[in-house]
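# Remarks on the overall topology
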Amino acid sequence: MTDLFAISERLIDRGEGEAPPAPFDFTLTELFEGVARVNAFSLSIIFKTDEGLVVIDTGLKNGGPPIVEAIRRWSNDPFQTLIYTHGHLDHVGGSAAFLQDSKSNNHPPPMVIAHENVPKRFERYRLTNGYNMVINLRQTSQNPNRTFLGEGNDLFLDQSVVWPNITFSDHFSIKIGGLTFILHQAKGETDDHAWVWIPEKKTICPGDLFIWLFPNAGNPQKAQRYPVEWCQALRQMAGMGAEYFIPSHGWPIQGADRIRKACLETAEALDHLVGDTLEMMNRGCTLNEIIHTVKVDPKVLSRPFLRPLYDEPEFVVHNIWRLYGGWYDGNPANLKPARERDVAVEIAELAGGAESLASRALKTAEKGNLRLACHLIEMAALADPENKKVHGIRGEIYQQRRKEETSLMARAIFNQAEMDSKKISEEK
Ligand SMILES: [Zn+2]
């Protein structure tokens with residue numbers, strides 16, 4: 001057993017603690033006979049078969065070449081097949097490097113298998129290129145490199161990404177060199193997800209249906225996610241009797257009981273959120289009432305694979321509302337709203353000006369009510385958008401807010417607001 005399994009064994013058996021961050025150093029580890037993974041932001045998982053290598057996920061664009069190099073130090077077999085667990089860039093971005101390798105070794109190009117919604121996602125990325133560039137910058141605002149995409153790129157979906165040449169809708173089963181790869185479609189994080197079952201190896205590759213963090217089912221800036229189907233997929237995986245579980249992020253897990261526990265506890269947490277949210281929706285509550293009422297037990301959130309460090313339950317509630325209810329939040333003023341700036345000017349005038357609204361926001365923040373403080377400071381800044389004093393306070397409030405949040409998604413958005421205001425307040 002490699003050390004990687006020891007990490008997950010310790011965490012799951014103890015049931016608490018934080019999973020250590022996985023290094024993105026492109027080292028290859030053979031997990032067991034003929035099965036390896038390469039460390040990267042999103043991993044590549046490689047199976048040796050009698051017909052060549054089958055690779056599940058290809059990493060980011062910049063990750064592709066070092067991942068291929070690492071694999072080549074382990075095996076010179078041709079890349080027979082690439083499987084995408086879904087079409088996110090960190091799973092498909094490195095695909096060109098695999099194709100390039102086949103070309104330079106005079107191997108036939110690999111088959112590329114993915115769910116039928118992966119090409120549709122790629123088309124959507126073209127349609128929303130600008131939006132995706134904006135949110136990508138915002139989401140990586142705390143990262144000094146500021147991008148997943150590589151320097152000087154103006155396309156979110158790089159031209160080099162290899163489109164699948166075999167797609168499927170529900171299930172897809174293929175035998176390659178003595179191993180069977182059974183792909184199960186599973187809406188969850190995305191509508192194009194598939195988890196892979198390799199019966200001869202008693203192995204599941206769940207893609208991002210298990211990420212060693214609270215499920216990314218709420219992402220505020222991204223397309224719809226599907227928590228109910230996500231639970232179903234987790235329960236189905238839990239029932240397979242798998243001995244090995246190799247997610248595309250974080251640590252691999254060995255042992256049927258451990259795998260079952262990790263999947264079922266994650267399903268239960270999501271199930272609970274869906275149930276409580278629907279119960280309030282069915283009583284006619286507003287979105288605002290629901291997000292202030294529905295919570296996940298902090299004990300559950302302290303599980304090493306359910307920490308809300310990337311996404312968080314409150315955002316999942318929004319997605320459940322959007323999925324079952326639509327975008328109207330239950331506040332009639334929001335149905336056909338005034339311009340935000342007009343509201344802000346009116347309130348600032350009532351408060352005696354944008355600066356006094358801003359100082360009230362600061363006092364509110366000092367008392368610890370950062371949610372309320374942010375509403376007040378947003379109105380102050382909208383009412384007087386060039387006011388350096390107002391932006392100075394806004395920057396301070398969002399800095400404080402960012403520090404108190406746990407999820408990367410919340411911190412990134414608040415960090416961007418802080419940076420925007422600091423820029424204005426520090427302008428000469
Ligand atoms: Zn991913």
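Starting afresh in each chain, residues are numbered from 1 along the sequence in its written order. Reporting of local features is limited, given that this is a predicted model, to residues whose pLDDT is at least 70; pairs of side-chain atoms are given and counted only at 80 or more, and all residues count toward the totals for whole chains, interfaces and linings.

### So, the overall build of the protein
Helix and strand assignments follow DSSP, with helices taken as H or I runs no shorter than four residues and strands as E runs no shorter than two, numbered in order from the N terminus. A count of helices and strands for the protein gives 16 helices and 13 strands. Two things to know: the radius of gyration comes from C-alpha atoms, and the globule rule equals 2.2 Å times the number of residues to the power 0.38. For 428 residues, the compact-globule formula gives about 22 Å, and the C-alpha radius of gyration of the protein, at 23 Å, lands near that figure. Once the C-alpha set of the protein is aligned to its principal axes, its extents read approximately 75 × 45 × 40 Å. Counting other C-beta atoms within 10 Å of a residue's C-beta gives its exposure: the residue is buried at 20 or more, exposed at 12 or fewer, and partly exposed in between, where C-beta atoms are placed from the backbone. Looking at the 428 residues of the protein, the share that counts as buried comes to 44%. Contacts in the protein between residues far apart in sequence, at least 24 positions, make up 68% of those at least 6 positions apart. We call two residues in contact if the C-beta atoms placed from their backbones are at most 7 Å apart.

### So, the sheet that holds strand S10 (residues 194-198)
Two strands qualify as a pair provided DSSP detects at least 2 bridges between them. Read from one edge to the other, the open sheet built from 6 strands follows the order S8-S9-S10-S11-S12-S13, with strand pairing classed as mixed. What marks the edges here is a single partner per strand, and that holds for strand S8 (171-176) and strand S13 (253-254). As defined by bridge partners, strand S9 (residues 179-185) adjoins S10 across 4 bridges and the pair is classed as antiparallel. Bridge pairing in S10 links Ile182 to Trp197.

### Observations concerning the nonpolar core
Only buried residues count toward a nonpolar core: Ala, Val, Leu, Ile, Met, Phe, Trp, Tyr and Cys, linked into one set through C-beta atoms within 7 Å. Grouped together as the largest cluster of nonpolar side chains are 114 residues, with contacts concentrated most on Val196, Ala361, Ile377 and Ala380. Among the elements that take part in this core, helix H14 (residues 370-383) stands out by supplying 9 residues, more than any other. Domain ranges listed in this record stem from an automatic or a database domain assignment. When residues of this core are sorted by domain, at least three fall in each of domain 1 (3-267) and domain 2 (338-426). In this view, Ile377 contacts Ala358, Ala361, Ile393, Arg394 and Ile397; residues no more than four positions away in its chain are not counted.

### Regarding the sheet that holds strand S5 (residues 79-83)
Strand order across the open sheet formed by 7 strands is S1-S2-S3-S4-S5-S6-S7, with mixed pairing between neighbours. Across the chains shown, the open sheet's two edge strands, defined by having one partner strand only, are strand S1 (28-32) and strand S7 (166-168). Put simply, the sheet's adjacent strands are angled 20° from each other on average, direction ignored. In this sheet, strand S3 (residues 44-49) lies alongside strand S2 (residues 35-38) in antiparallel orientation, the contact comprising 4 bridges. To obtain each axis, a line is fitted to C-alpha atoms, and for helices this fit is confined to the stretch in contact; angles are then taken between N-to-C directions over 0 to 180 degrees.

### Points about the pairing of S1
Relative to S2, S1 is paired through 4 bridges, and the arrangement is antiparallel. Bridge pairing in S2 places Thr29 opposite Arg37. Counted along the chain from S1 to the antiparallel partner S2, the turn is 2 residues long, and its residue Gly34 has a positive phi close to 80°.

### A word on the domain arrangement of the protein
Domain boundaries assigned for the protein yield domain 1 (3-267) and domain 2 (338-426). Contacts between the two partners involve 6 residues from domain 1, matched on the other side by 7 residues from domain 2. Partitioned by chemical class, the residues of the side of domain 1 that touches domain 2 number 1 nonpolar, 4 polar and 1 charged. Each residue is assigned to one class: nonpolar for Ala, Val, Leu, Ile, Met, Phe, Trp, Tyr, Cys and Pro, charged for Asp, Glu, Lys and Arg, and polar for all the others, Gly among them.

### Regarding helix H13 (residues 354-366)
Expected span, for any helix, means 1.5 Å times one less than how many residues it has. Helix length check: H13, at 13 residues, gives a terminal C-alpha distance of 18 Å against a target of 18 Å (1.5 Å per residue), a fit within 8%. All of the buried residues along H13 are Ala354, Leu357, Ala358, Ala361 and Ala365. Relative to the axis of H13, the buried residues are bounded by an arc of 100° and lie together on one face. Exposed side of H13, more than 90 degrees from the buried face: Ser356, Lys363 and Glu366 are the residues found there. The inward-facing, buried residues of H13 abut helix H12 (340-351), H14 and helix H15 (388-404). Of the residues flanking the end of H13, it is Gly368, one or two places downstream, whose phi is positive at about 100°. Read the arc as the range of directions from the helix axis to the C-beta atoms.

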